[in-house]
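# Structural overview
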Amino acid sequence: MKSGIHPDYHEITVIMTDGTEYKTRSCYGEPGATLRLDVDPKSHPAWTGVQRMMDTGGQVAKFNKRFAGIGTRTK
(Lines give C-alpha, C1' and ligand atoms only; values in the text may rest on other atoms or scores of the structure.)
Protein backbone atom coordinates (compact mmCIF):
# COMPACT_ATOMS: atom_id res chain seq x y z
CA MET A 1 0.00 0.00 0.00
CA LYS A 2 1.14 3.52 -0.66
CA SER A 3 1.83 5.50 2.47
CA GLY A 4 -0.03 8.71 3.23
CA ILE A 5 -3.05 8.19 0.96
CA HIS A 6 -5.25 5.89 3.07
CA PRO A 7 -7.63 7.04 5.82
CA ASP A 8 -6.87 6.23 9.44
CA TYR A 9 -8.40 2.83 10.28
CA HIS A 10 -8.93 2.46 14.02
CA GLU A 11 -11.12 0.79 16.66
CA ILE A 12 -14.49 2.35 17.64
CA THR A 13 -17.44 1.29 19.80
CA VAL A 14 -20.86 0.84 18.17
CA ILE A 15 -23.94 1.08 20.43
CA MET A 16 -27.11 -0.59 19.10
CA THR A 17 -30.63 0.74 19.75
CA ASP A 18 -31.19 -1.74 22.59
CA GLY A 19 -28.01 -0.63 24.38
CA THR A 20 -25.75 -3.53 23.44
CA GLU A 21 -22.36 -2.51 22.19
CA TYR A 22 -19.45 -4.01 20.33
CA LYS A 23 -16.06 -2.90 19.07
CA THR A 24 -15.15 -2.79 15.41
CA ARG A 25 -12.60 -1.14 13.18
CA SER A 26 -13.66 1.85 11.06
CA CYS A 27 -12.61 5.18 9.54
CA TYR A 28 -15.38 6.92 11.55
CA GLY A 29 -14.27 9.64 13.98
CA GLU A 30 -11.21 9.38 16.16
CA PRO A 31 -9.73 6.27 17.78
CA GLY A 32 -12.01 5.22 20.66
CA ALA A 33 -15.04 7.12 19.28
CA THR A 34 -18.60 5.93 19.94
CA LEU A 35 -21.16 5.48 17.16
CA ARG A 36 -24.74 5.36 18.49
CA LEU A 37 -27.18 3.82 15.98
CA ASP A 38 -30.75 5.09 15.49
CA VAL A 39 -31.77 2.15 13.30
CA ASP A 40 -30.28 -1.33 13.30
CA PRO A 41 -31.35 -4.88 12.33
CA LYS A 42 -32.92 -5.36 15.78
CA SER A 43 -35.30 -2.40 15.37
CA HIS A 44 -35.85 -1.89 11.61
CA PRO A 45 -39.22 -3.19 10.29
CA ALA A 46 -37.57 -4.76 7.23
CA TRP A 47 -35.77 -7.26 9.49
CA THR A 48 -38.20 -7.55 12.41
CA GLY A 49 -41.47 -7.78 10.48
CA VAL A 50 -43.14 -5.46 12.99
CA GLN A 51 -44.58 -2.25 11.59
CA ARG A 52 -44.95 0.93 13.62
CA MET A 53 -48.28 2.70 13.60
CA MET A 54 -47.99 6.01 11.77
CA ASP A 55 -50.31 9.00 11.84
CA THR A 56 -51.67 8.33 8.36
CA GLY A 57 -55.09 9.76 9.19
CA GLY A 58 -53.58 13.15 9.89
CA GLN A 59 -51.46 12.98 6.77
CA VAL A 60 -54.42 12.05 4.56
CA ALA A 61 -56.55 14.83 6.05
CA LYS A 62 -53.74 17.34 5.47
CA PHE A 63 -53.36 16.14 1.86
CA ASN A 64 -57.12 16.37 1.19
CA LYS A 65 -57.31 19.85 2.69
CA ARG A 66 -54.34 21.05 0.67
CA PHE A 67 -55.47 19.67 -2.69
CA ALA A 68 -59.28 19.77 -2.30
CA GLY A 69 -59.81 22.30 -5.13
CA ILE A 70 -57.74 20.59 -7.79
CA GLY A 71 -59.78 19.28 -10.68
CA THR A 72 -62.86 21.41 -10.05
CA ARG A 73 -63.80 24.01 -12.63
CA THR A 74 -64.98 27.45 -11.70
CA LYS A 75 -66.81 29.76 -14.14
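Residues numbered from 1 in each chain as written. Predicted model: local features only at pLDDT ≥ 70, side-chain atom pairs only at ≥ 80, totals over all residues. Heavy atoms only, no water.

Per an unreviewed UniProt entry, the protein chain is named Large ribosomal subunit protein bL31, and its organism is Gluconobacter potus. Regarding the protein chain, the relevant UniProt record gives this comment under Subunit (unreviewed entry): "Part of the 50S ribosomal subunit." (UniProt positions renumbered as here; feature names shortened; annotations may be inferred.)

Let us now look at the pairing of strand β1 (residues 10-15). Counting buried residues along β1, five of its six residues qualify, which places the element largely inside the surrounding structure. What sits between the antiparallel neighbours β1 and strand β2 (residues 21-26) is a turn of five residues, in which G19 has the positive phi angle 100 degrees. Pairing between β1 and strand β3 (residues 34-36): three bridges, direction parallel. Among the inter-strand pairings, V14 is bridged to a residue of β3, identified as L35. (Buried < 20%, exposed > 50% of the residue type's maximum accessible area, 1.4 Å probe, protein only. Helix = DSSP H or I, 4+ residues; strand = E, 2+ residues; numbered from the N terminus. Pairing = 2+ DSSP bridges.)

On to the side chain of D40, then. Counting through the fold element by element, D40 comes out in the loop between β3 and α1 (45-48). At 3.0 Å, the side chain of D40 and the backbone nitrogen of T17 are in polar contact. (Polar contact = N/O pair within 3.5 Å; in protein donor to acceptor, adjacent residues only side chain to side chain.)

Taken in spatial order, the three strands line up as β2-β1-β3 in an open sheet, and their pairing is mixed. Edge positions in the sheet fall to β2 and β3, since each has one partner strand and no second. Strand after strand, the sheet turns through a mean of 35 degrees between neighbouring axes, direction not considered. (Axes fitted to C-alpha atoms, helices over the stretch in contact; angles between N-to-C directions.)

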